[in-house]
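Residue-level structure breakdown
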Amino acid sequence: LVIMSIHEELGTGDTGEIHFLSASPFEIPHILNSNDNQEHPVFGELLFPPNKTRPVPCIVACHGSMGWRQHHYEHIRNWVEAGIAVFKLHTFASREVAQIVEDQMQITHAMMINDAFCALKLLSTHPEIDNDKIAISGWSLGGTTALYTAWEPIAKVLAPDGKRFTAHLPIYPAAHMIPEINEWGNAPISILHGEIDDYTPVHFVERISEMIRSQNQNVSLKIYPDAHHSFDSNEQLKWLPNAIRLDHRYVTIDKNGDLWAEKEPGEIIPLNEPHQRLEAFQYAKNIGAHIGKNETAREDALKQTVRFFTEIFGL
């Protein structure tokens, strides 16, 4: 499916591109510690459910490192059919980038997080969107965005008016950044992940879920047995030989907002700037990962995401 076919299939004639201003901070510290990030034009596509009394709830949808893919559209179609508007965020196309599977430098999670909060602010003023019911979801890199938009130090900077996402649904996110400030919003978080994901390993989401849960927050983690990255796709399992993946190493977001990791025990490397991230990639040499469907997990996830959002929105 392409997005126009979704429009035609659902009979939605009042959708289209919406342009707004965001910024392109390279890393989390540039969000937390900088007020001079240069503005950057961004756009997204807003889909409304047909024949639905408005205002309606909305999901900000964020793609992964490959950009928009077929299985993303399947989720989007299901959400629209359930009576939910979807804002399809074009972080890559807005910056003239196709994919970053072998790069992870041109576009970062910090840029996507910035875009997501700008989209939240925009949608909160839309007369046909219920501004108390705007959630976020995403896959892989977009899942990272959906997860860390729940971290309060970021939210306080990018949404100082107190506006927050109603719910967060990250799907196989990279959850490798561990903040020393363990403050998360009150919105429900539901994470879907594959047990044998070797791209964004499950041990990261297990640890971050425990941290969030320690605040008695509403967080759930569903781990699908024998499922790799992109388990909800309709593509056969394949090996991406040059994909940059995560390993066992965590990244710390310290109390000053700086990023760092241990190259080896006791040997610290800062990760705030592009040249530092590149040095870390070259040192770790973590390349190669599997992606592909697990039919059981795929079938359940397509239902689970609809169930989560319809319960959250009271539909």
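Residues numbered from 1 in each chain as written. Predicted model: local features only at pLDDT ≥ 70, side-chain atom pairs only at ≥ 80, totals over all residues. Heavy atoms only, no water.

The next thing to look at is unusual backbone geometry. In this model, Arg 54 is joined to Pro 55 through a cis peptide bond whose omega is 10 degrees. Counting through the fold element by element, Pro 55 comes out in the loop between strand 2 (39-47) and strand 3 (56-62). Positive phi values are uncommon outside glycine, yet Asn 51 reaches one of about 55 degrees. Take Asn 51: it is sitting in the loop between strand 2 and strand 3. Judged by its relative accessible area of 85%, Asn 51 is exposed. (Helix = DSSP H or I, 4+ residues; strand = E, 2+ residues; numbered from the N terminus. Buried < 20%, exposed > 50% of the residue type's maximum accessible area, 1.4 Å probe, protein only.)

Bringing the side chain of Thr 108 into the picture now. Structurally, Thr 108 is set in the loop between helix 4 (91-94) and helix 5 (109-123). A distance of 3.5 Å separates a polar side-chain atom of Thr 108 from the backbone oxygen of Pro 25. Not counting the four nearest positions on each side in its chain, Thr 108 is found in contact with Pro 25, Phe 26 and Arg 277. (Polar contact = N/O pair within 3.5 Å; in protein donor to acceptor, adjacent residues only side chain to side chain. Contact = heavy atoms within 4.5 Å.)

Turning our eyes to something else, we now look at the packing of helix 5 against helix 6 (residues 141-148). Any two packed helices are characterised by how steeply their axes cross, that is the angle between the axes, and by the distance between the axes. Axis separation between helix 5 and helix 6 bottoms out at 9 Å; the angle between their running directions is 55 degrees. In this view, helix 5 runs oblique relative to helix 6, as classed from their interaxial angle. In this structure, the crossing between helix 5 and helix 6 has a hand that is right-handed. Within the contact between the two elements, helix 5 uses His 109, Met 112, Ile 113 and Ala 116 and helix 6 uses Leu 141, Gly 142, Thr 144, Thr 145 and Tyr 148. Across the contact of helix 5 with helix 6, the residue classes tally to five nonpolar, four polar and no charged. (Axes fitted to C-alpha atoms, helices over the stretch in contact; angles between N-to-C directions. Parallel < 35°, antiparallel > 145°, perpendicular 65-115°, else oblique. Left-handed = near helix turned anticlockwise from the far one by under 90°. Nonpolar A, V, L, I, M, F, W, Y, C, P; charged D, E, K, R; others polar.)

The next thing to look at is the pattern of salt bridges. The tally for this structure, following the rule as stated, stands at 15 salt bridges. A salt bridge links Arg 249 to Glu 264; the nearest nitrogen and oxygen atoms lie 3.8 Å apart. Of this pair, Arg 249 sits in the loop between strand 10 (238-244) and strand 11 (251-253) while Glu 264 sits in strand 12 (residues 259-264), placing them 15 residues apart in sequence. Residue Glu 295 is joined to Lys 293 by a salt bridge in which the shortest nitrogen-to-oxygen separation is 3.3 Å. Classification of Glu 295 as partly exposed rests on a relative accessible area of 42%. It is possible to trace a salt-bridge network through shared partners that takes in Glu 74, Lys 293, Glu 295 and Arg 298. (Salt bridge = Lys/Arg side-chain N within 4 Å of Asp/Glu carboxyl O.)

Looking at the chain, the pLDDT average stands at 92 and 95% of residues meet or exceed 70. Long-range and interchain partners of residues 1-13, a stretch whose pLDDT sits below 50, account for 25 contacts in this model, where long-range means more than four residues apart. (pLDDT = per-residue confidence, 0-100.)

Either a parallel or an antiparallel arrangement is found when strands of a sheet pair, and the pairing is made through backbone hydrogen bonds. One open sheet holds the four strands; their spatial order is 7-11-12-13, and the pairing between them is mixed. Either end of the sheet is taken by a strand with one partner, and the two such strands are strand 7 (177-179) and strand 13 (267-270). In this sheet, adjacent strand axes meet at a mean angle of 35 degrees when their direction is disregarded. Summarising the sheet, strand 12 and strand 13 pair through four bridges and their orientation is antiparallel. Looking at strand 13, one finds that Glu 264 is bridged to Glu 267. (Pairing = 2+ DSSP bridges.)

Right, let's talk about the sheet that holds strand 9 (residues 219-224) for a bit. In spatial order, the strands read 1-2-4-3-5-6-8-9; together these eight strands make up an open sheet with mixed pairing. At either end of the open sheet lies a strand with only one pairing partner, and these are strand 1 (16-23) and strand 9. Averaged over all pairs of adjacent strands, the angle between strand axes in this sheet comes to 20 degrees, irrespective of strand direction. Sitting on the sheet, helix 5 touches strand 1, strand 2, strand 3, strand 4 (85-90) and strand 5 (129-139), and the angle it makes with strand 1 is about 120 degrees. This element, helix 8 (residues 202-213), spans strand 8 (189-194) and strand 9 of the sheet and lies at about 160 degrees to strand 9.

Right, let's talk about helix 6 for a bit. Counted residue by residue, helix 6 has eight buried out of eight residues, so it is predominantly covered. Within helix 6, the full set of buried residues consists of Leu 141, Gly 142, Gly 143, Thr 144, Thr 145, Ala 146, Leu 147 and Tyr 148.

Glancing now at the pairing of strand 8. Within strand 8, six of the six residues are buried, which leaves it mostly tucked inside the rest of the structure. Side chains Ile 189, Ile 191 and His 193 project from strand 8 onto one buried face, and the interleaved Ser 190, Leu 192 and Gly 194 project onto a second face that is buried too. Pairing of strand 6 (residues 168-171) with strand 8 involves two bridges; the strand directions are parallel. Of the residues in strand 8, the one forming a bridge with Ile 171 is Leu 192. Direction of pairing for strand 8 relative to strand 9: parallel, over a ladder of six bridges.

Here the focus is the environment of Asp 161. Tracing the sequence through the fold places Asp 161 in the loop between helix 7 (152-158) and strand 6. In this structure, the C-alpha to C-alpha distance between Asp 161 and Thr 200, residues 39 residues apart in sequence, is 33 Å. At 3.0 Å, the side chain of Asp 161 and the backbone nitrogen of Lys 163 are in polar contact.

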